[in-house]
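Here are the chains, one letter per residue:
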Amino acid sequence: MPTLLSCKRCTNDGEEEMLLAEDRPDLIESLDPRCNSSNSSRSCSGRANFLQEKERERLSVHESLDYLPSHSSVYKKWLQGQNYRMDWDRWLVMGIIGIIVGTVGFLIHQIIDYLIKLKWELVKNYIQDGNFHMTWVYILGIGLAMIIVSSGLVVFFCPAGAPSGLPEVIGFLNGASIQHIFNIRTFGGTFVSCVLAVASGLFCGPEGPMIHLGAIIGYGLSQSKLKILGMNLPSFTRFWNSADKRNFVTAGAGAGIASVFHAPVGGLLFTLEEVASFWDIKLAWQTFFCCMTAAFTTDLISSSLCGFVYRGQVGFFKAEMRILFWVKNLLDMSVLAFIPAIFLGVLGGLLGALFVFLNIRINRLRMWFFNTIPKTSLRKTAKLLESVLVLVLTITATVYLPYFFHCTPVKNLPEFEPSIKPENISQSTWHISEYNCPQGTIETGPDGAKYSNQTFNEAAALLAENGMRGITYLFRRGTHEEFGYASLFTALVFYFLLSCLTAGSAIASGLVIPMLYTGALYGRIVGLILVSILGVQTDERSAWIDPGLFAAVGAASFFSGVSRLTISLTVIMVEITNDVQSLLLIMLAVMLAKMVGDWFTMSLYSSLLKLKSIPYLDAEPFVCHRKKWLNLELFAARDVMKLHVRVLHVRENIAFLAQLLANTSHSGFPVVYKSKPDQAEVFLGTITRLELCVLLENEAVFEKETTEDSESCTPLLSYQKIRVEKPPNQQQMTMLLGRYTTDPQYQQRFINLEPYINKSAVSVQAHFSLQRTYIIFRSLGLRHLTVVDLQNQVVGIITRKDLISFQLEEKLGLQQSSNQLHSDDELLD
């Protein structure tokens, strides 16, 4: 029976070190967040505490995924049978994804708006009568019913849907295997939870879950088997591979942004800048088409339906309906406007970093507290109760704070409610922003101008209204003094703190609306300060002194300070406001916010990836040791590789394979062979654990003899059978492996692995640059990277866990310390 290969590794002293096989899982191990890293400026903390063993176990859940299929003989045989075809079916799937995502985006917005309107209509009389206690009771009761269902779905039905699902999508597209994020349960639970969470009154938005829903749709349409009335419908089986799967998920995520923001170009750039790890011009075209289709579908349905009531005008796209935060009056710019824009950019970076810091601290505390609860049912109940507590705090602030603010006359009435024409406003119309203010009337004077005595409550407009409508109020131009300092500062403090507390709770929710809202609030404060100093300017040269302009710039700066987005954010801001004039101001503020934020923390999404223990590989490695950045060009692949490698032979014993799979958790194995009997065994390729399991489930491929004559009569498994991605039934496989291990007949039976070996598996030599090893691993989307010596003999293996920045820091830092110690000893000698 074949034995394990004893691998040799040349040490620095030229000695050969025997490598003994060791049973260690080829899974993701620890991530130690000691150094903050981002794309440009980073802060390195040099903290040397490693993660505890319990955290290491939690991090070992996620395995890796190969981006390219195994280049085996059965794969090449399958390719030969595939007829060349144009990519019409790929474009068809992209279009269908866009249509479905656009429809889902429309439904989410319409249901949220309907529920919010219905909720406040029920308490209209109590508010007008000044009965805030009954208002609080009714609003809280309705909100509790919504949040219990919303949080209950996430906690008990689809945990993968909380809080937004965006970090999980980013991690999956980077190559991490994350369970249950693309199934139908997650889709249904996320949809309902998101709608109810936003409608309940929490300070959150539907954008993050919408990206997740789009990714699920992209995954499901391209990978699922369609069956209606027991009949199998034609499916796109040629897309059942890792590369196409990620491409459709990328397009679906971009379509989610395009639908929810009505921003197709922004959706494309968002996937490029933040979501996708693998990108090419072909995928860019297809994602662009998918985003365009999604935005068009949402606009088409919205043009004819409002609140699920048909209003005609199908295909007539009104600017006020299509552009999310439509800015009607564009202002001429002055170079002086760049001064407050610079201040807003710096402020956005500082507040954005503070938001990330607080949110991660709260989430860490939240995780620690829930982990102290031993019983699973109690832990889930505690998560639900936490969401209820956050809702109570939010509703209390929303209902009672407007009580302390007086009514303010409405200026520029025709633009205060963009969805309703002034001539259609009557005394029976009531809006949340009016709150407890007396209802006004609109009259037309002799000169044709409209006059009104209508008033509104500033705090109600900022807190009680839907977040998207509140942002519209803040962005409006020509309303210099419509909101005072007191209402803006109050809304800023409560929105900042409560949205920070809400993010991460057990609901499906997003942070884009809170980020835009928070930035718009302090941006309008800065604009109001300028108005207070310089007065309301009416001439063209000073028209830029407008709080609405700086609200938009502030919104972009805070969004960038939290997310560190730049290009996509700038385009999204232009698409949702139609304000091309302020493009340069937004670009400047966004760049400064990112630069300042990077000095203090990572982006929110990167921080959540670390917090959720998702093994994410950055585009470039950033490793620090004792507050000094390490240049990976000075290190080699041998410095991080695993030394204990299980290897297989081309012709392997069944009992040995069964025992190997039963006793280890490795997800892949190098395969070696001898070209001549008197030569050493050299690296040939790799084979995965799942492929071995499939082979062992099919006894038809077993051989009784080890001679070459048996190869011609042994049937081969087709590529369709061997390319499975889901593990087999664990219980059945355990029983099967036990039978193969104990039954004597399998001691004399073998399997020929040669047709199933990935002979294009990448390998590097032990002295190969670590920097370039990292780039090869991430760029090709590898799962395993075999390390060989000068004789092409296997000496080690590198997996995703070995290249994560914190693992690199730990291994290279120890080596640095050891080298420094040896240098000091030589100096003493």
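Cut-offs and rules
- Residues numbered from 1 in each chain as written.
- Predicted model: local features only at pLDDT ≥ 70, side-chain atom pairs only at ≥ 80, totals over all residues.
- Heavy atoms only, no water.
- Helix = DSSP H or I, 4+ residues; strand = E, 2+ residues; numbered from the N terminus.
- Contact = heavy atoms within 4.5 Å.
- Areas by Shrake-Rupley, 256 points an atom, 1.4 Å probe, with all protein chains shown as cover.
- Buried < 20%, exposed > 50% of the residue type's maximum accessible area, 1.4 Å probe, protein only.
- Pairing = 2+ DSSP bridges.
- Disulfide = S-S within 2.5 Å.
- Axes fitted to C-alpha atoms, helices over the stretch in contact; angles between N-to-C directions.
- Salt bridge = Lys/Arg side-chain N within 4 Å of Asp/Glu carboxyl O.
- Left-handed = near helix turned anticlockwise from the far one by under 90°.
- Nonpolar A, V, L, I, M, F, W, Y, C, P; charged D, E, K, R; others polar.
- Phe/Tyr/Trp six-rings, centres within 6.5 Å; stacked < 30°, edge-to-face > 60°.
- Lys NZ or Arg CZ within 6 Å of the ring centre and 35° of its normal.
- pLDDT = per-residue confidence, 0-100.

**Quick word on the overall build of the chain**
1) Next: Scanning the chain for helices and strands turns up 29 helices and 23 strands.
2) Next: The contacts of the chain with a sequence gap of at least 6 include a subset with a gap of at least 24, amounting to 77%.
3) Next: Accessible surface, the chain as shown: approximately 35,900 Å² in total, 60% of it carbon and sulfur.

**Some points on unusual backbone geometry**
1) Next: Its identity as a non-glycine residue notwithstanding, N578 has a phi of 65°, on the positive side.
2) Next: Within the element layout of this structure, N578 appears in the loop between helix 20 (567-577) and helix 21 (583-598).
3) Next: Given a relative accessible area of 33%, N578 falls into the partly exposed group.
4) Next: Of note, the phi angle at N792 is positive, near 65°, even though the residue is not glycine.
5) Next: Note that N792 resides in the loop between strand 22 (784-788) and strand 23 (794-799).
6) Next: Its relative accessible area of 29% is what places N792 among the partly exposed residues.

**Observations regarding the sheet that holds strand 17 (residues 668-673)**
1) Next: With mixed pairing, the three strands of this open sheet are ordered in space as 15-17-18. Looking along the sheet, the strands with just one partner apiece sit at the ends: strand 15 (648-649) and strand 18 (682-688).
2) Next: Bridging between strand 17 and strand 18 involves six bridges; their strand directions are antiparallel. Bridge pairing in strand 18 places G668 opposite T688.

**Side note on the state of the cysteines**
In a disulfide, the sulfur atoms of two cysteines are held together by a covalent bond.
1) Next: According to the stated counting rule, one finds one disulfide in the structure shown.
2) Next: In this model C407 forms its disulfide with C437; the gap between the sulfur atoms is 2.1 Å. Judged by the sign of its S-S torsion, about -105°, the bond between C407 and C437 is left-handed. Here C407, found in strand 9 (residues 407-409), pairs with C437, found in the loop between strand 9 and strand 10 (442-444); they are 30 residues apart in sequence, far enough to count as distant.

**What to know about the sheet that holds strand 20 (residues 750-752)**
1) Next: Taken together, the three strands give an open sheet; going across it, the order is 16-20-19, and neighbouring strands pair in antiparallel fashion. What marks the edges here is a single partner per strand, and that holds for strand 16 (651-653) and strand 19 (702-703).
2) Next: In this structure, strand 16 lies alongside strand 20, joined through three bridges in antiparallel fashion. Residue pairing for strand 20: E652 is matched across the bridge by I751.
3) Next: Its contacts with the sheet put helix 23 (residues 654-663) on strand 16, strand 19 and strand 20, and the angle it makes with strand 16 is roughly 70°.

**Thoughts on the pattern of salt bridges**
1) Next: Overall, the coordinates contain 14 salt bridges when judged by the stated rule.
2) Next: A salt bridge links E699 to R739; the nearest nitrogen and oxygen atoms lie 3.5 Å apart. You can see E699 sitting in the loop between helix 24 (689-697) and strand 19 and its partner R739 sitting in helix 26 (residues 730-742), a full 40 residues away along the chain.
3) Next: E699 gets classed as partly exposed once you look at its relative accessible area, which sits at 29%.
4) Next: With a closest N to O distance of 2.9 Å, D802 and K811 form a salt bridge.
5) Next: Each of the salt bridges in this network shares a partner with another, and the network as a whole consists of R564, K594 and D598.

**Considering the packing of helix 3 (residues 88-122) against helix 11 (residues 281-304)**
1) Next: The N-to-C vectors of helix 3 and helix 11 enclose an angle of 35°; their axes lie 7 Å apart at closest approach. Like other packed secondary-structure pairs, helix 3 and helix 11 cross with a definite hand, here right-handed. Where helix 3 approaches helix 11, its residues R90, W91, M94, G95, I97, G98, I99, G102, T103 and F106 are matched on the opposing element by W285, Q286, F289, C290, T293, A294, T297, T298, I301 and S302.
2) Next: Here the residues of the contact of helix 3 with helix 11 are counted per class, giving 10 nonpolar, nine polar and one charged.

**Some words on the packing of aromatic side chains**
1) Next: Applying the stated criterion across every chain, the model contains 26 aromatic pairs.
2) Next: Taking the centre distance of 4.4 Å and the plane angle of 45° together, the rings of Y495 and Y517 count as tilted. Taken as a pair, Y495 in helix 17 (residues 485-502) and Y517 in helix 18 (residues 512-534) lie far apart in primary sequence, 22 residues in all.
3) Next: Given a relative accessible area of 0%, Y517 falls into the buried group.
4) Next: Relative to F558, the ring of Y522 lies with its centre 6.2 Å away and its plane at 80°, an arrangement referred to as edge-to-face. Taken together, the residues Y522 in helix 18 and F558 in helix 19 (residues 547-563) connect sequence positions 36 residues apart.
5) Next: Overall, the relative accessible area of 0% leaves F558 in the buried class.
6) Next: Clustering of aromatic rings is evident, with ring pairs tying together F355, F496, Y522 and F558.
7) Next: Lying over the aromatic face of F157, R185 brings its terminal NZ or CZ to 4.2 Å of the ring centre.
8) Next: Above the ring of W78, the side-chain terminus of R723 is found at 5.5 Å from the ring centroid.

**Things to note about the pairing of strand 17**
1) Next: Across the six residues of strand 17, five count as buried, placing the element largely inside the fold.
2) Next: Of the strand pairs in this sheet, strand 15 and strand 17 are connected by two bridges, and their pairing is parallel. Each residue of the ladder has a partner; that of H649, found in strand 17, is V672.

**A short note on the confidence of the model for the chain**
1) Next: Confidence along the chain averages 82 in pLDDT terms, with 84% of residues attaining 70 or more.
2) Next: Segment residues 1-52 is flagged for pLDDT under 50; beyond a separation of four residues in sequence, or across chains, it makes 146 contacts in the model.
3) Next: Predicted confidence for residues 413-428 stays below pLDDT 50, and this span has 33 contacts to residues more than four positions away or in other chains.

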